[in-house]
Amino acid sequence: MDLRWKTASSPLPRLAAGQESQKCSQGESEVGIMSFIKAGNRKLEISNEDKVFYPDSGITKGELVEYYKRAGDMIIPYMKDRPLTMRRFPDGIEGNSFYQKNAPKGIPDWIKTEAVKNREGGTTNHIICNDVATLIFITNYGNITPHIWLSKLDDLDKPDKIIIDLDPPGDDFKAVRSAVKLIYELLTDELDLPVFLMLTGSKGVHVVLPLRPKNKFDEVRDFASELADFLAQNHPRELTTEVRKSKREGRLFLDVARNAYAQTGVAPYSVRAIENAPVAAPVNYGELSDKSMNAQKYNIKNIFKRMGQVKDPWKEINRHRFSLGRAREKFERLKSKV
DNA sequence: GTACTCT
DNA sequence: AGAGTACAACGCCTT
DNA sequence: AAGGCG
Ligand SMILES: [Mn+2]
Ligand SMILES: [Mn+2]
């Protein structure tokens, strides 16, 4: 065996069954082993579809492409008009990886991009992933996990959601389950706010509050910080807002730092670079008490069965957007009650 | 993973 | 044609 | 200005 990388050992269905991989040429220059896949009205070139991206579970780059093709219609609405950051693993999850904000040089002109100001006055030319073809295109570049802004192109300074990121100290989901309960009960029972939950596909959960995009990031983050600090003060044994790892002392970290300009969150239904290819999965609160629940419960193999059984828990998220002002009022009222 | 340069 | 190299994020907080 | 952090 002298191959440059590992390929799937047993025969797997080719992409878009019936379309053979082939050595293809363009004029004089040969461009390697390519296959093709259809997305919308486009025919996309996929290199190395049999390259193994997940060594233990044997999942190939081609299988990621298939996943994003099949899940695309579910994912795209959550990515629409949001600047994209790619997390690329060109040689699979054990190889080098990097975040990439700027669109790569030489991409076709049907890929939507947008020059976006950064905080220091420079600009970043972000891909805007508004269709399945783009999602598959970036997968071919080795993107496993698309990350998206919390704001949209029409008002990049104003987020349309708050993300409270629950980062447990270890792999035990029990800490996450009880933290979600504490937070969920505060936000729903006490503050009467709509709350949406997502298993990250890694270790934790994102608690998401949908916002009308009327306030800038700093104001929104301040409110999120107050919520997190309030919770940590009331449950000092279980929760912390300490950024310093050494000060967390085994407690679950309530991270609100993602609520900032040009910061990102993992897109719903995006794939994680973890064996078995778990996906970020929106869930309903009641599901968290399932015995089998954990942050990696859903993956590229089993998520479609779930989709057939459970309506997308975030389907209505936009209809529930509320104003920061209302939330602040409710929170102040709660704090002033003893 | 791709673009580009050097042999 | 083939080999090798360069390149691919950033905001906020703390010290 | 640099480092930690996600
Ligand atoms: Mn997290
Ligand atoms: Mn490479």
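See the structure above.
A short tour of the structure in this document, coming up. In this text, all values refer to a predicted model and were calculated from it rather than measured experimentally.

1. Structural notes on the sheet that holds strand β6 (residues 84-88)
Item 1. With respect to topology, 4 strands assemble into an open sheet ordered β7-β6-β10-β16, the strand pairing being antiparallel. Looking at which strands have only one partner, the edges of the open sheet turn out to be β7 (98-100) and β16 (264-266). Strand-to-strand, the axes of this sheet are offset by a mean angle of 30°, without reference to chain direction.
Item 2. Summarising the sheet, strand β10 (residues 147-149) and β16 pair through 3 bridges and their orientation is antiparallel. Across the sheet, the residue bridging to Ile-148 is Gly-265, located in β16.

2. A word on the environment of Asp-81
Item 1. Inspection of the secondary structure assignment puts Asp-81 in the loop between α1 (61-79) and β6.
Item 2. With 47 residues separating them along the chain, Asp-81 and Ile-128 place their C-alpha atoms 5.9 Å apart.
Item 3. Beyond its immediate chain neighbours, meaning those up to four positions away, Asp-81 contacts Lys-112, Ile-128, Asn-130, Lys-152 and Leu-153.

3. As for the protein's contact with DNA strand D
Item 1. Near DNA strand D you find Asp-165, Asp-167, Val-243, Arg-244, Lys-245, Arg-248, Phe-253, Asp-255, Arg-258 and Gln-263, and these make up its full shell.
Item 2. When the atoms of DNA strand D within 4 Å of the protein are sorted by group, sugar and phosphate make up 94%.
Item 3. Take Gln-263: an N or O atom from its side chain is 3.0 Å from a base nitrogen of DNA strand D.
Item 4. Elements with a minimum of two residues in the surface near DNA strand D: β11 (161-167) and β15 (252-255).
Item 5. The class makeup of the residues in the surface near DNA strand D is 2 nonpolar, 1 polar and 7 charged.

4. Digging into the pattern of salt bridges
Item 1. Tallied over the entire structure, the rule returns 17 salt bridges.
Item 2. For Lys-51, the salt bridge is made with Asp-91, and the minimal N-O distance between the two is 2.8 Å. You can see Lys-51 sitting in the loop between β3 (42-47) and β4 (52-54) and its partner Asp-91 sitting in the loop between β6 and β7, a full 40 residues away along the chain.
Item 3. Residue Lys-51 is classed as buried on the basis of its relative accessible area of 7%.
Item 4. The exposure class of Asp-91 is exposed, given its relative accessible area of 51%.

5. Some thoughts on α1
Item 1. Taking 1.5 Å as the rise per residue, α1 with 19 residues should run 27 Å; its terminal C-alpha atoms sit only 21 Å apart, a clear shortfall.
Item 2. Gly-72 marks where α1 bends most, by close to 70°.
Item 3. Asp-81 occupies a position one or two residues after α1 and carries a positive phi of about 60°.

6. Focus: unusual backbone geometry
Item 1. Of note, Asp-81 is a non-glycine position whose phi angle comes to about 60°, a positive value.
Item 2. For Ala-262, which is not glycine, the phi torsion reads 65° and is therefore positive.
Item 3. Within the element layout of this structure, Ala-262 appears in the loop between β15 and β16.

7. Brief notes about the sheet that holds strand β17 (residues 281-283)
Item 1. Taken together, the 6 strands give an open sheet; going across it, the order is β14-β15-β11-β13-β12-β17, and neighbouring strands pair in mixed fashion. What marks the edges here is a single partner per strand, and that holds for β14 (239-240) and β17.
Item 2. Judged from the 4 bridges that link them, strand β12 (residues 196-199) and strand β13 (residues 205-210) form a sheet pairing that is antiparallel. Bridging across to β13, Leu-199 finds its partner in Val-205.
Item 3. Seen against the sheet, helix α3 (residues 173-190) touches β11, β12, β13, β14 and β15 and runs at an angle of roughly 15° to β13.
Item 4. Lying over the sheet, helix α4 (residues 217-234) contacts β11, β13, β14 and β15, oriented at roughly 35° with respect to β11.

8. Overview of the environment of Gln-296
Item 1. The topology assignment puts Gln-296 in the loop between β17 and α5 (303-309).
Item 2. By relative accessible area, which is 31% here, Gln-296 ends up partly exposed.
Item 3. Residues in contact with Gln-296, not counting those within four places in the same chain, are Gly-201, Ser-202, Ile-274 and Pro-278.

9. Some remarks on the environment of Gly-62
Item 1. Note that Gly-62 resides in helix α1.
Item 2. You can call Gly-62 buried: its relative accessible area is 4%.
Item 3. In sequence terms Gly-62 and Leu-15 are 47 residues apart; their C-alpha atoms lie 6.7 Å from each other.
Item 4. Other than its neighbours up to four places away in sequence, Gly-62 contacts Leu-15 and Glu-49.

What counts and what doesn't
- Residues numbered from 1 in each chain as written.
- Chains lettered and ligands numbered in written order.
- Predicted model: local features only at pLDDT ≥ 70, side-chain atom pairs only at ≥ 80, totals over all residues.
- Heavy atoms only, no water.
- Pairing = 2+ DSSP bridges.
- Helix = DSSP H or I, 4+ residues; strand = E, 2+ residues; numbered from the N terminus.
- Axes fitted to C-alpha atoms, helices over the stretch in contact; angles between N-to-C directions.
- Contact = heavy atoms within 4.5 Å.
- Near = heavy atom within 4 Å.
- Polar contact = N/O pair within 3.5 Å; in protein donor to acceptor, adjacent residues only side chain to side chain.
- Nonpolar A, V, L, I, M, F, W, Y, C, P; charged D, E, K, R; others polar.
- Salt bridge = Lys/Arg side-chain N within 4 Å of Asp/Glu carboxyl O.
- Buried < 20%, exposed > 50% of the residue type's maximum accessible area, 1.4 Å probe, protein only.
- Expected span 1.5 Å × (residues − 1).
- Bend = angle between axes of the 7 residues up to and from the residue.

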